[in-house]
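One letter stands for each residue in the lines below.
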Amino acid sequence: MAAATPTSPRDSGTPDIVVGPLDLVARVDDALAVQAVAFGLSQDEIDVRRHIVLRHLDHPQARALGATAADGRLVGFVYGLPNDRRHWWSSVVEPYLRATGSEGWLDDSFVITELHVHPAFQQRGIGRSLITTITDGVGLPRSILSAIDTESPARGLYRALGYRDLARQVLFPSAPRPYAVMGAPLPLRRPA
């Protein structure tokens, strides 16, 4: 898959933020620090997620992008990989998608595994730039993701990009709140 060309988030009012390829293995702690603030994670949760992220990055088609400030600080990141029905996430969501007639979305899809922007940098177009840039070069017809099943700015962004709910009230083991699984055809919708 082609590497992404560094860009500034379009219409973000944040010209000092550059979105481009990220060596997530080397910067996993920086990324998890962003996720911890954005998602409210404890140190124990961060430690568990570190192992998960590094395991995902073993996949030869895993991709990661970062949003980096002029001082080198990581303020956002996204990573994902082509879906594989043998992966844990896929096995959890499959029965929910089957129940809604959406199981086919598990094939030929790029999964957005994580997308987080530091709260101080949200609402500036950084999340939109990260997700559109990463999905633009995947060579698959669609993308899927899971998000906490509540109305939130993240869910609003995903809808604006063309994602729709495929299944709701999806329960992941040990997750305190239910999730929604969303899917969108690629390329993602752009603002008019």
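A.B. asks: When you look at the packing of helix 1 (residues 28-39) against helix 2 (residues 43-56) in this model, what are you seeing that I'm missing?
C.D. replies: A pair of packed helices can be characterised by two numbers: the angle between their axes and the separation between those axes. Running from amino to carboxyl end, helix 1 crosses helix 2 at an angle of 130°, the nearest separation of the two axes being 10 Å. Accordingly, the angle class assigned to the pair helix 1 and helix 2 is oblique. For the crossing formed where helix 1 meets helix 2, the hand is right-handed. Contact residues: helix 1 offers V28, D29, L32, Q35, A36 and F39, while helix 2 offers I46, R49, R50, V53 and L54.

A.B. asks: Explanation requested: the sheet that holds strand 3 (residues 74-82) in the structure shown.
C.D. replies: If you trace the seven strands from one edge of the open sheet to the other, you get 1-2-3-4-5-7-6, paired in mixed fashion. Because the sheet does not close on itself, it has two edges, and the strands there are strand 1 (18-21) and strand 6 (164-170). Between one strand and the next, the sheet's axes are offset by a mean angle of 20°, whatever the strand orientation. Inspection of the sheet shows strand 6 paired to strand 7 (residues 179-185) by four bridges, in the antiparallel sense. Its bridge partner being in strand 7, V170 is matched across the sheet by Y179.

A.B. asks: Could you clarify how one ought to interpret the side chain of Q35 in this entry?
C.D. replies: Tracing the sequence through the fold places Q35 in helix 1. You can call Q35 buried: its relative accessible area is 1%. Residues contacting Q35, with those up to four places away along its chain left out, are G40, L41, R49, F77, E114 and H116.

A.B. asks: What should I look at first to understand the packing of aromatic side chains in this one?
C.D. replies: For any two aromatic rings, the description comes down to two numbers: the centre-to-centre distance and the angle of the planes. With the rule as written, the count across this model stands at three aromatic pairs. Taking 5.7 Å as the distance between ring centres and 35° as the angle between the ring planes, the aromatic pair formed by W88 and F172 counts as tilted. With a gap of 84 residues between them, W88 in helix 3 (residues 88-99) and F172 in the loop between strand 6 and strand 7 connect regions that are remote in the sequence. Residue F172 is classed as buried on the basis of its relative accessible area of 9%. Centroid distance F172 to Y179: 5.2 Å. Interplanar angle 90°. Geometry classified as edge-to-face. A connected cluster of aromatic rings, assembled from ring pairs, spans W88, F172 and Y179. Against the face of W105 rests R142, its NZ or CZ located 5.5 Å from the ring centre.

A.B. asks: Hey, could you run me through the nonpolar core in this one?
C.D. replies: Note that soluble globular proteins tend to have their nonpolar side chains buried in a common cluster. With 27 residues, the main nonpolar core has I112, L130, I131, L145, Y158 and Y163 as its most contacted residues. Elements with a contribution of two residues or more to this core: strand 2 (63-68), strand 3, strand 4 (109-117), helix 4 (126-136), strand 5 (142-148), helix 5 (153-160) and strand 7. Once residues within four sequence positions are removed from consideration, I112 is found in contact with V78, Y79, I131, I134, T135, S143, I144, L145 and Y163. Grouped together as the second largest cluster of nonpolar side chains are 15 residues, V92, L97, V111 and I148 included.

A.B. asks: Sorry if this is basic, but what is going on with the environment of T113 here?
C.D. replies: Its place among the elements puts T113 in strand 4. A relative accessible area of 21% means that T113 is categorised as partly exposed. Taking C-alpha positions, T113 is 10.0 Å from A147, a pair spaced 34 residues apart along the chain. Ignoring sequence-local partners within four residues, the contact set of T113 consists of H56, Y79, G80 and L81.

A.B. asks: Honestly, unusual backbone geometry in this entry has me stumped. Any pointers?
C.D. replies: Glycine aside, residues mostly have negative phi angles, and peptide bonds mostly take the trans form. P187 follows L186 through a cis peptide bond whose omega is 0°. Relative to the helices and strands, P187 is located in the segment after strand 7. The phi dihedral of Q169 falls on the positive side, at around 60°, and the residue is not glycine. By the element assignment, Q169 lies in strand 6. A relative accessible area of 45% means that Q169 is categorised as partly exposed. At S174, a residue that is not glycine, the phi angle is positive and equals roughly 70°. Along the chain, the position of S174 falls in the loop between strand 6 and strand 7. What makes S174 exposed here is its relative accessible area of 79%.

What counts and what doesn't
- Residues numbered from 1 in each chain as written.
- Predicted model: local features only at pLDDT ≥ 70, side-chain atom pairs only at ≥ 80, totals over all residues.
- Heavy atoms only, no water.
- Axes fitted to C-alpha atoms, helices over the stretch in contact; angles between N-to-C directions.
- Helix = DSSP H or I, 4+ residues; strand = E, 2+ residues; numbered from the N terminus.
- Parallel < 35°, antiparallel > 145°, perpendicular 65-115°, else oblique.
- Left-handed = near helix turned anticlockwise from the far one by under 90°.
- Contact = heavy atoms within 4.5 Å.
- Pairing = 2+ DSSP bridges.
- Buried < 20%, exposed > 50% of the residue type's maximum accessible area, 1.4 Å probe, protein only.
- Phe/Tyr/Trp six-rings, centres within 6.5 Å; stacked < 30°, edge-to-face > 60°.
- Lys NZ or Arg CZ within 6 Å of the ring centre and 35° of its normal.
- Core = buried A, V, L, I, M, F, W, Y, C linked by side-chain atoms within 4.5 Å.

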